[in-house]
Amino acid sequence: MSSNNRPLSPHLDVYRLPLSALLSVVHRGTGAALSIGTIALVYWLMALAGGESSFSTAQAFMGSVLGRLMLFGWTFALFFHLSNGIRHLFWDAGYGFEKETVKTSSFIVLAAAGFLTLLVWIVAFTFTAGV
Amino acid sequence: MSLRSPLGTAKGLGSAKEGLHHWWTQRVTAIALIPLTVWFAFKVAVLSQSDYQTVLECIGSPWSAALIVSLIVAAFYHAALGMQVIFEDYIGHKAVRVGAIMATNLLLFLLGAAAIIAVIRIALGG
């Protein structure tokens, strides 16, 4: 009996990942990155609780070029994981599994993540509470 | 139509041998985090150039502190559940896997506790 016609599982090295598969990997990656990124949240809250001098040290770091780059990555990871997470909730409820729908929702997830990231940074540079 | 076998339905256990709780809790925390993270991200954005007193008052006001503590609980719980799945998928060696999950849980608990203590101290003006 010939076994040549048996279906093969996709060999990842030669298989061009569809966008949805790529976003799935990025979802997991951003989830892990955000777990590590909680350290930044704890640091900022601890600095604020510690008093004015520790807070100004934290603000100076967050406002530096390196700090801003890290925060930019942080906010994009957050908004990507949020947008794609909402798509996952639709999937969990049983909606949106058609091939074309998945393609469209992939682009919506990327657009929403990009839009929210830009919006939060525009807000950060435009509005300042208390001054 | 249920995809579960009659025996599986009776025992209520999936391949993880512990039922639905992990999966369900991850969804509940995910839903809680949708409004909480959006609110917090934009709150911090507005405060990013503010002076110390303004930030202290905005983070430490009662409702704000309550929402941030809720955010911290949901976020760290969600992170612990998510990291557990990643370790379960990629670490084949059982002792290493269990050790990694346990270490991550303890570390995330400590970080979450620290964040909550900070918020309480800010809120109570200590």
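Source: prediction; values computed, not measured. (Residues numbered from 1 in each chain as written. Chains lettered and ligands numbered in written order. Predicted model: local features only at pLDDT ≥ 70, side-chain atom pairs only at ≥ 80, totals over all residues.)

Enquirer: For this particular structure, what's the right way to read the environment of Ala21(A)?
Expert: All names here are of chain A. As for its position among the elements, alanine 21 is in helix H1 (residues 19–50). Take alanine 21: there are 14 C-beta atoms within 10 Å of it, and that puts it in the partly exposed class. When the C-alpha atoms of alanine 21 and alanine 129 are compared, they prove to be 41 Å apart, with 108 residues separating the residues in sequence. (Helix = DSSP H or I, 4+ residues; strand = E, 2+ residues; numbered from the N terminus. Buried ≥ 20, exposed ≤ 12 C-beta atoms within 10 Å, placed from the backbone.)

Enquirer: So what exactly am I meant to see when it comes to the interface of chain A and chain B here?
Expert: Much of the literature gives interface size as the accessible area that the parts lose upon coming together. If you look at the interface, chain A gives 30 residues, while chain B gives 32 residues. Put simply, the parts of the chain that give the side of chain A that touches chain B at least two residues each are H1, helix H2 (52–63), helix H3 (65–92) and helix H4 (99–126) of chain A. When residues in the side of chain A that touches chain B are grouped by element, the largest group, twelve residues, is from H1(A). Its residues placed into classes, the side of chain A that touches chain B shows 19 nonpolar, eight polar and three charged. (Contact = placed C-beta atoms within 7 Å. Nonpolar A, V, L, I, M, F, W, Y, C, P; charged D, E, K, R; others polar.)

Enquirer: Is there a simple way to explain the packing of H3(A) against H4(A) in this structure?
Expert: Two numbers describe a pair of packed helices, the interaxial angle and the distance between the axes. All names here are of chain A. Close contact between H3 and H4 brings their axes to 8 Å; oriented N to C, the two are set at 145°. Between H3 and H4 lies a crossing of right-handed hand. Contact with H3, carried on its side by Thr75, Phe76, Phe79, Phe80, Ser83, Asn84 and Arg87, involves Ser105, Val109, Ala112, Ala113, Leu116, Thr117 and Val120 of H4 and no other residues of that element. Its residues assigned to classes, the contact of H3 with H4 shows eight nonpolar, five polar and one charged. (Axes fitted to C-alpha atoms, helices over the stretch in contact; angles between N-to-C directions. Left-handed = near helix turned anticlockwise from the far one by under 90°.)

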